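An overview of the molecular structure
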Amino acid sequence: GPDLRATTNAANYLVITPANFTAAANQLAAYRAANFTTQVVQVQDIYNQFGNGVLDPEAIHDFLGYAVQNWSLPPAYVVAMGDGVYDYRNYLNKPRQTYIPPYTAMVDPYLGETADENYYAAVVGPDIVPDLYYGRLPVNSLAEATTVVNKIIAYETATLSNPAPAESALYITDNYDAGTYAGNFPRLADYQASLLPPSYTVHKVYYGETHSPASAAKTAFINYVNQGERFVTYIGHSSITQWAEEALFTAADVPTLANAGQYPVVLDMTCLVGSFQDVDQDSLGETMMRAAGKGSVANWSPTGLGVATGHDRLNRGFNNALFKTGVRRLGPATVAGKAELYSFGTFLDLMHTYGLLGDPATDTGILPPPPTPTPTPTATYTPPPTPTPTPTPTAATRPVTGLLSAQARSSKADIVVKVEQGTTTVQTTVTQANGAFTLNVLPGSYTISASFPKYLTRKTTITVSDAMTMPTTVLPGGDGNQDGVIGLVDLILVGANYGTGSPPDVPPGDARGDINGDGRINLLDLTMVGANYGRRSTGDSPLGWVDTVVEAKERTPDVGKRQTSRLMVDTPARVEAGEEFVARVRLRGDLVLQGADATLLFDPARLAVVDTAEGRAGAVTPGNLFDSATRFVARSQVEATKGFVHYVVVRLGPSPETTPSDELFTVRFQARQSGSPGLHLEAVELVSRDSPVLSER
């Protein structure tokens, strides 16, 4: 085969294919040649030159990384043409074949190992940010490959031939399951629909709200798709082959569709339906996009579990890219979704588990957004007050610059920076989106401060004689009542309103408890109060510009490592009916643990929590992580009939390093039936004081 290491290679669109799908790969590459420099690469040539001739996902990753860094025209778009299962060496002796292997890793905090398609996109450096626009066509024969290629071409031909194609989007959701912490799916869909241009017609199939029973919701969904939808978004629970426990739409329903020539892009904001790697069944996502003459042109789907908050970030990043920034192709839109999630800083397991089942170069034909008109002020218009503008430097002034952020906030913008001389304010500015600020002042001595609501103010004195750069610093969070001290009142504000936030997707609460302003009063807010408990920015010991002992750490994702540490449950392998036992929830791996939020699930028909009334925590006790010498705040909730124990704990003050034997909490159960206890953890989130946020949901 061709020398893939030659630096003279030039192609910004690649199709990686096994030999038996070459004809379809050539057809797709020839079609894309109108807009790209294309090349078809045989996967065996990759194995030969980057994997010693052996089928190996790492060989594909290494090839792509090499090409990006060394080819004269590096690849930007990559299509993997071929299905693949996690048992690609067929140890299980299953009939399903692997044509392009998935890379599997311990990236799902609940499932553990699953397919990580992001591995084929993040190919330069140790970070998890995609360097390529990557998608997979999970086909199993030349006929399937040809069908999918023809669908892509037909979709773009129909879309691009009409300068203003029908603008419609369909949102289908699971019912709002108020008894869990999964999310208010209809309200999340409403928010995503609000991001679309006013010209779009939005159709809604909200199970339990606009349509009941589930069969009515399914019928309405199929009818809308058959009429033609440009985008379909599902938000709710799923399994590999179906949306929702009530089977709102399943892989078996795909043959009933009749939407030839009107293929939507499907966004699966849910769990598992992109699991092309399963050895026993075809996922809903791959079934929809492979179907001949019906189904979807592409599905952006997960291979693992996840929660609605992370899905919401992916969704809004995708929508904003298409409808507000002029992006047209699916690859850049999906990467924009991941960029939004990455900047949010939590639920980063979804960076790994979300993948595009489709061609990333697919052109959606979205027209660029119209320019925003310049408003014409009226005679009664009064502009709002703004910070003192930064004056243009002169020969007499000196620039003072720096970088700021606030703990657990995804945005670094709008932190107020003020320079004073005595009681006189000399100049005020606010930070930009990257946290940068610039002030221009005359030589002299000043007091400089940085402040943001619900965060402690940092302040120090400076002497300006020439251009100077302030040390990069982070504002500590937790001052909910904004009295300059992080103390008991702040702890009560967060603790009493834990689990609430900004409607409609969560119950309303006191906004003073939402320290980082993300619309939810949760573990991040509680942990900030705990970690900074007792700190102040007023009185005899004001907070300096930087910490004098331990430098404050910004809560951003640790992109250089894949966090696989999580909790585990120790129980007897078997219990007899009537037997009492203690379930011990403990850490797996070392961690400087500051706070944790975990839900332990059990089957009420098999187990009962001992000596506990509904909603109380009588049998739930703190583990040995929190002894009598430790100051901590814990909250537990037992739902005996629903079958879960919810436990939240935050340490007040510095945290020692834990070990794998340290217990978070224990629960005493009594078996109602003989057999395995069947306990498992769900919705686990761990936060470390001295490490970045570790989201384990």
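Looking only at helices and strands, the protein chain features twelve helices and 32 strands. Relative to its full complement of 697 residues, the protein chain shows a buried share of 54%. For the protein chain, restricting intrachain contacts to residue pairs at least 6 apart in sequence, the fraction spanning at least 24 positions comes to 72%. With the model as given, the accessible surface of the protein chain reaches about 27,900 Å², and the carbon-plus-sulfur share is 52%.

With that settled, consider the sheet that holds strand β20 (residues 458-464). Within the open sheet, the four strands sit side by side as β17-β16-β19-β20. Their pairing is antiparallel. Either end of the sheet is taken by a strand with one partner, and the two such strands are β17 (424-430) and β20. Strand-to-strand twist in this sheet, taken as the mean axis angle between neighbours without regard to direction, amounts to 25 degrees. Sheet topology places strand β16 (residues 416-421) next to strand β19 (residues 444-451); five bridges connect them, and they run antiparallel. Within β19, the residue paired with V419 across the bridge is I448.

Averaged over the protein chain, the pLDDT score is 84; the fraction of residues at 70 or greater is 84%. Counting interchain partners and residues more than four positions distant, the pLDDT-below-50 stretch residues 372-395 has 15 contacts. Low pLDDT, under 50, characterises residues 689-697; the predicted model gives this stretch 45 contacts beyond four residues in sequence or across chains.

Right, let's get into the side chain of T362. Secondary-structure assignment places T362 in the loop between β14 (354-357) and β15 (398-406). Judged by relative accessible area, T362 falls into the buried class, the value being 0%. A distance of 2.7 Å separates the side chain of T362 from the backbone oxygen of D359, its partner in a polar contact. Leave out the neighbours within four places in its chain, and T362 touches R32, I152, Y155, E156, R328, R329 and L330.

Counting buried residues along strand β3 (residues 77-81), five of its five residues qualify, which places the element largely inside the surrounding structure. The side-chain alternation of β3 yields two buried faces, one formed by Y77, V79 and M81 and the other by V78 and A80.

With that settled, the discussion passes to helix α1 (residues 22-32). Every buried residue of α1 is accounted for by T22, A24, A25, L28, A29 and R32. Taken around the axis of α1, the buried residues stretch over an arc of 160 degrees, which confines them to a single face. Exposed residues on α1 whose side chains face more than 90 degrees from its buried face are A23 and A30. As for α1, its buried residues are in contact with β1 (13-17), β2 (38-42), β3, β6 (133-137) and α4 (142-160).

Turning our attention to the pattern of salt bridges. The tally for this structure, following the rule as stated, stands at 21 salt bridges. In this structure, D359 and R32 form a salt bridge, with 2.9 Å as the shortest nitrogen-oxygen distance. A residue pair is termed long-range when its members are at least 10 positions apart, and D359 in the loop between β14 and β15 and R32 in helix α1 qualify at 327 residues. The pair formed by D359 and R32 is uniform in burial state, with each residue classed as buried. Two residues, D253 and K218, come together in a salt bridge whose shortest N-O distance is 2.9 Å. In this pair, D253 is assigned in the loop between β11 (249-250) and β12 (265-269) and K218 in helix α6 (residues 214-227), connecting sequence segments 35 residues apart. With a relative accessible area of 12%, D253 lands in the buried category. What emerges from the salt-bridge pattern is a single network uniting D83, R96, E144, D282, E286 and R290.

Quick look at the packing of aromatic side chains now. This structure, assessed with the given rule, holds 24 aromatic pairs. An angle of 15 degrees between the planes, with centres 3.6 Å apart, marks the rings of Y103 and Y119 as stacked. Linking Y103 in the loop between β3 and β4 (104-108) with Y119 in the loop between β5 (112-115) and β6, this pair joins segments that are 16 residues apart in sequence. On the basis of relative accessibility, which here comes to 9%, the residue Y119 falls in the buried class. Measuring from centroid to centroid gives 6.0 Å for F452 and Y455, while their planes differ by 70 degrees, and the two rings are edge-to-face. Judged by its relative accessible area of 16%, F452 is buried. Among the residues examined, Y455 registers a relative accessible area of 3% and is labelled buried.

The next thing to look at is helix α3 (residues 57-70). For α3, which comprises 14 residues, the first-to-last C-alpha distance of 20 Å matches the rise-based estimate of 20 Å (1.5 Å per residue) to within 8%. Along α3, the positions that sit buried rather than exposed are P57, A59, I60, H61, F63, L64, G65 and A67. Looking at the buried side of α3, the elements it contacts are β1, β2, α2 (43-50) and β3.

M81, L137, F231 and F318 are the most contacted members of the largest nonpolar core, which totals 61 residues. Looking at this core element by element, the count peaks at six residues for α4. When near neighbours in sequence (up to four residues on either side) are disregarded, F231 contacts S168, A169, L170, Y200, P264, V265, F318, L322, F323, T364 and I366. L404, A408, I415 and F437 belong to the second largest nonpolar core, which has 35 residues in total.

Between α1 and α4, the least distance of the axes is 8 Å, while the angle of their chain directions is 15 degrees. Taken together, the axes of α1 and α4 lie roughly parallel to each other. Along this stretch, α1 crosses α4, giving a crossing that reads as left-handed. Contacts between α1 and α4 pair A23, A24, Q27, L28, Y31 and R32 from the former with L142, A145, T146, V149, N150, I152, I153 and E156 from the latter. Within the contact of α1 with α4, the residues separate by chemical class into nine nonpolar, three polar and two charged.

The rules behind each value
Residues numbered from 1 in each chain as written. Predicted model: local features only at pLDDT ≥ 70, side-chain atom pairs only at ≥ 80, totals over all residues. Heavy atoms only, no water. Helix = DSSP H or I, 4+ residues; strand = E, 2+ residues; numbered from the N terminus. Buried < 20%, exposed > 50% of the residue type's maximum accessible area, 1.4 Å probe, protein only. Contact = heavy atoms within 4.5 Å. Areas by Shrake-Rupley, 256 points an atom, 1.4 Å probe, with all protein chains shown as cover. Pairing = 2+ DSSP bridges. Axes fitted to C-alpha atoms, helices over the stretch in contact; angles between N-to-C directions. pLDDT = per-residue confidence, 0-100. Polar contact = N/O pair within 3.5 Å; in protein donor to acceptor, adjacent residues only side chain to side chain. Arc of directions from axis to C-beta. Salt bridge = Lys/Arg side-chain N within 4 Å of Asp/Glu carboxyl O. Phe/Tyr/Trp six-rings, centres within 6.5 Å; stacked < 30°, edge-to-face > 60°. Expected span 1.5 Å × (residues − 1). Core = buried A, V, L, I, M, F, W, Y, C linked by side-chain atoms within 4.5 Å. Parallel < 35°, antiparallel > 145°, perpendicular 65-115°, else oblique. Left-handed = near helix turned anticlockwise from the far one by under 90°. Nonpolar A, V, L, I, M, F, W, Y, C, P; charged D, E, K, R; others polar.

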